[in-house]
Amino acid sequence: MLGTPHDIGPVPAGTLARQIHPHDLPRLSRVVTTAVAESLWFEDEFRVLDGPDRWVTTRGQVIRDDATGHVTGLVGVVLPSLRAGLHRAAELLEALPTAFFSLSREWRFTYVNAEAERVLGRPRGELLDGDIWELYPAALGNAFETYYRRAMSSGDPVHFDAHYPVPLNAWYEVRAMPTSEGLSVYFFDVTERHRLQEETERVARRAQLTAAVTSSLAQTLDAEEAVAALARTLVPGLADWCVVTLADAEVPAGGHGTPATMRDVGWWHVDPGARPLVEEYCRHRMGALTDESFLLRTLRTTDVVRLPEDAAARIRGVLKPGRAHVLITELTPESATVLPLRGRGRTLGAISLFSGADRPALDGDDLVTAKDIASRAGLVLDNAYLYASQRGVVEELQRSFLTAPPHLDDLDVAVRYVPAAQAAKVGGDWYDVFKHPDGPTIVVIGDVSGHDLQAAATMGQLRSMLRGIGATTPPHPAALLAQLDRAMAAVASESVATAVVMTLEPPGPGGDVVVRWSNAGHPPPMLLSGDDDVVTLTGTNLLLGLRPGTVRTEQTMTVAAGDTLVLYTDGLVERRDAGGLRAGLDRLRATLGELRDLHQIDDLCDELVEQLLPDAPEDDMAIVAVRPRPAAR
């Protein structure tokens, strides 16, 4: 450790002295001389000459003769010193772009790196050994003192943001970690980040109403539900009360609604006591509108109609005598504004905003905001109609493919298909059952990724290709899926799909049926056997459309007459809020076990849908149930 030769026997003191750094030798000599003179323990650190930062710690004791009291020698040890490691740590802290300082338990600075000097605005000569509360008195009574004292007393690290006033006038993100000596503090100047946050909040407040309306409209693609929510959102932000009118969806481009083709579908009033009056007014006003009414003028011209004053009297002037005439008098609006809801080339409805005498007429920035909201609402309504139209087309397309299963002499087959509740979620689930020319029955269940018109079209394409392949090639499930994979690549399909292909041989003499299946990443089929057991048909390969050369395997088992095979898509079992796919498979197994006594396979499918599907399913779902019939006696 000292760098001396490994000789046997005493080492001369001069040899040792020559190994000690000349800057440290005088101090070490004084320490030892003092220990000899006063019969003390001694301890010191020094550097050896074979390395610039190799420090050694020595601890020892003076030995005296008990009889004479003379010094007879020194006994001690030498140990590696921690100083070199601390020196390197200090170098790292100095190089950090992060401000760092340490505090003693008396709240005095014991270390400050260069970045901390810059951020704190003082040289380390002023900071070291200074009391933090005296040097930075504004830290008292705010988050800095609260969190520092909490960390020191609890021993737990803290992390917080806080503002320090003038002279620093800055926001800091602080991490303080307690140590045996006190507190280590890392901190970052985040003033610019907070400035950007405040600016963002100001912008957000200005756009809060528009954002609320957009969010409300985006929550549903049902037009009537969307506009009903819109009326509540606009009150009291823009008016005291509001009525939203929806024109018939079949109004052609360039046309406009008439009282016969319009309905008030959303209304709200800031005063709960006046809401029944608004509701009744909406029930009567369509029949009371004259051609000069402001609502019809807006629908004809697509202009915003403003009544900045005396609105109740002016509205009465364009209404036929009757209940609506009386109600507008009781509601007493002082001002009103009617804004059209425009879609792509047609007027879909209108928003009517009313305010009393205590509120200024809609104008300036509020009017600009109202126009923006009406424009957004018109587009959302138009999208709702387009989605509804698309939904009808897609459902028709799906049902044209998902036909009723054929009548088979040896098998009972039942199928079910339930579309997703949301109009935008249409598409990819399919099933098929058909007889192969060589005798077996082929059963298919599949799911194309995506929930749109493209997914539905791809589903039809895959179903058709697989049926064509299955009817013209030997009925081997693995080979059928492999050929479908190659066909998808040949037509440059970019879709991904899961599927199970299963073949059921004609029943043997005892009524048993040999079943073969191959699975391409699809939820596993299940077998409800006659001995009341529910068996999961495991074994799967890669999804279709990922790697056309995938080697596909198949499994074989024998199914007895009366046993039921259940194939399904993930819409039956997968719930994001109920444990995912694994929990869904467990629920399906348990439900099948509970339904084992149902004699009709159609009843079994109906009960699975009833018990496992939510009221508004997020995904479409298909089921195919197959049961070999007992042999005729």
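Up top is the structure these notes are about.
In this text the structure is predicted, and so the values were computed from the model without any measurement. (Residues numbered from 1 in each chain as written. Predicted model: local features only at pLDDT ≥ 70, side-chain atom pairs only at ≥ 80, totals over all residues. Heavy atoms only, no water.)

Engineer: Is there a simple way to explain a negative patch on the surface in this structure?
Structural biologist: A grouping of Asp 603, Glu 607, Glu 610 and Asp 615 is seen on the molecular surface, where their side chains present a negatively charged patch. Take Asp 615: it is sitting in the loop between helix H19 (601–612) and strand E23 (621–628). A relative accessible area of 84% places Asp 615 in the exposed class. (Patch = residues over 30% accessible without salt bridge, like charges linked within 9 Å, V, L, I, M, F, W, Y side chains within 5 Å. Areas by Shrake-Rupley, 256 points an atom, 1.4 Å probe, with all protein chains shown as cover. Salt bridge = Lys/Arg side-chain N within 4 Å of Asp/Glu carboxyl O. Lys, Arg positive; Asp, Glu negative; His and termini not counted. Charge placed at Lys NZ, Arg CZ, Asp CG, Glu CD. Helix = DSSP H or I, 4+ residues; strand = E, 2+ residues; numbered from the N terminus. Buried < 20%, exposed > 50% of the residue type's maximum accessible area, 1.4 Å probe, protein only.)

Engineer: Sorry, what's going on with unusual backbone geometry here?
Structural biologist: Between Val 166 and Pro 167 the backbone carries a cis peptide bond, its omega angle lying at 20 degrees. Tracing the sequence through the fold places Pro 167 in the loop between strand E6 (158–164) and strand E7 (170–178). Positive phi values are uncommon outside glycine, yet Trp 107 reaches one of about 70 degrees. Mapped onto the secondary structure, Trp 107 falls in the loop between strand E4 (99–104) and strand E5 (109–112).

Engineer: Which parts of the structure should I look at to understand the packing of aromatic side chains?
Structural biologist: The geometry of an aromatic ring pair is captured by the separation of the ring centres together with the interplanar angle, meaning the angle of the planes. Taken as a whole and judged by the stated rule, the model has 16 aromatic pairs. With centroids separated by 4.7 Å and ring planes inclined at 50 degrees, the aromatic side chains of Phe 100 and Tyr 186 adopt a geometry described as tilted. Note that Phe 100 is positioned in strand E4 and Tyr 186 in strand E8 (residues 182–189), a separation of 86 residues in sequence. Classification of Tyr 186 by relative accessible area gives partly exposed; the value is 27%. A ring pair is formed by Tyr 148 and Phe 160, whose centres lie 6.1 Å apart and whose planes are at 65 degrees; its orientation type is edge-to-face. Within this pair, whereas Tyr 148 is found in helix H7 (residues 143–154), its partner Phe 160 is found in strand E6, the two being separated by 12 residues in sequence. Cluster of aromatic residues (ring-pair linked, three or more members): Phe 101, Trp 107, Phe 109, Trp 133, Tyr 136, Phe 144, Tyr 147, Tyr 148, Phe 160, Tyr 164, Tyr 172 and Phe 187. Just above the ring of Tyr 136 sits the side chain of Arg 122; from NZ or CZ to the centre is 5.1 Å. (Phe/Tyr/Trp six-rings, centres within 6.5 Å; stacked < 30°, edge-to-face > 60°. Lys NZ or Arg CZ within 6 Å of the ring centre and 35° of its normal.)

Engineer: Just to check I follow, could you spell out helix H2 (residues 25–38) for this structure?
Structural biologist: Turn by turn, an α-helix covers 3.6 residues, leaving residues three or four places apart pointing in a common direction. Taking 1.5 Å of rise per residue, the 14 residues of H2 would be expected to cover 20 Å, and the 20 Å separating its terminal C-alpha atoms lies within 8% of that figure. One or two steps after H2, the chain reaches Ser 39, where phi turns positive at roughly 55 degrees. (Expected span 1.5 Å × (residues − 1).)

Engineer: For this particular structure, what's the right way to read the sheet that holds strand E2 (residues 55–64)?
Structural biologist: On the basis of which strands lie adjacent, the open sheet formed by 3 strands has the order E1-E2-E3 and antiparallel pairing. The open sheet has two free edges, formed respectively by strand E1 (41–47) and strand E3 (71–80), since each of these has just one partner strand. When the angles between neighbouring strand axes are averaged without regard to direction, this sheet yields 25 degrees. Looking at chain direction, E2 and E3 are connected through 9 bridges and run antiparallel. By the bridge assignment, Ile 63 is partnered in E3 with Gly 73. On the sheet, H2 packs against E1, E2 and E3 and is oriented at approximately 170 degrees with respect to E1. (Pairing = 2+ DSSP bridges. Axes fitted to C-alpha atoms, helices over the stretch in contact; angles between N-to-C directions. Contact = heavy atoms within 4.5 Å.)

Engineer: Help me understand the sheet that holds E8 in this model?
Structural biologist: Hydrogen bonds between backbone atoms are what pair the strands of a sheet, whose relative direction is either parallel or antiparallel. Ordered by their spatial adjacency, 5 strands build an open sheet running E5-E4-E8-E7-E6, and the pairing between neighbours is antiparallel. Bordering the open sheet on either side are E5 and E6, each of which pairs with just one other strand. Taken over all neighbouring pairs, the strand axes of this sheet differ in orientation by 25 degrees on average, direction set aside. By the bridge criterion, 7 bridges tie E7 to E8 in an arrangement that is antiparallel. Note on E8: the bridge partner recorded for Ala 176 is Val 185.

Engineer: Help me out: how do you make sense of the pattern of salt bridges in this one?
Structural biologist: Enumeration according to the criterion identifies 28 salt bridges in this entry. In this structure, Arg 27 engages Asp 44 in a salt bridge whose closest nitrogen and oxygen atoms are separated by 3.2 Å. Placement of the pair is Arg 27 in helix H2 and Asp 44 in strand E1, with a sequence separation of 17 residues. When its relative accessible area of 27% is taken as the criterion, Arg 27 is described as partly exposed. With its nearest N and O atoms 2.8 Å apart, the salt bridge here joins Asp 264 to Arg 285. Of the two residues, Asp 264 is situated in strand E10 (residues 262–269) and Arg 285 in helix H11 (residues 275–288); the sequence distance between them amounts to 21 residues. Classification of Arg 285 by relative accessible area gives buried; the value is 4%. One continuous salt-bridge network, built from bridges that share partners, spans Asp 24, Arg 27, Asp 44 and Arg 47.

Engineer: Help me understand the side chain of Ser 495 in this model?
Structural biologist: By secondary structure assignment, the location of Ser 495 is in the loop between helix H17 (477–490) and strand E17 (497–504). One polar contact links Ser 495 to Thr 458, side chain to side chain, over a distance of 3.5 Å. Setting aside chain neighbours within four positions, we find Ser 495 in contact with Val 448, Thr 458, Met 488, Leu 544 and Gly 545. (Polar contact = N/O pair within 3.5 Å; in protein donor to acceptor, adjacent residues only side chain to side chain.)

Engineer: What exactly am I supposed to notice about the environment of His 23 here?
Structural biologist: Checked against the element boundaries, His 23 lands in the loop between helix H1 (13–19) and H2. Along the backbone, His 23 and Phe 46 are 23 residues apart, and their C-alpha atoms lie at a distance of 8.8 Å.

Engineer: What exactly am I supposed to notice about H7 here?
Structural biologist: Over its 12 residues, H7 runs 16 Å from end to end, which matches the ideal 16 Å to within 8%, given 1.5 Å per residue. Taken together, the buried positions of H7 are occupied by Phe 144, Glu 145, Tyr 148, Ala 151 and Met 152. Along the axis of H7, the buried positions cluster into a sector of 140 degrees, meaning they face one direction only. Taken together, the buried residues of H7 touch E4, helix H6 (132–135), E6, E7 and E8. Of the residues flanking the start of H7, the one acting as N-cap is Asn 142, its side-chain oxygen 3.0 Å from the backbone nitrogen of Phe 144. Once H7 ends, the next one or two residues include Gly 155, with phi positive near 80 degrees. (Arc of directions from axis to C-beta.)

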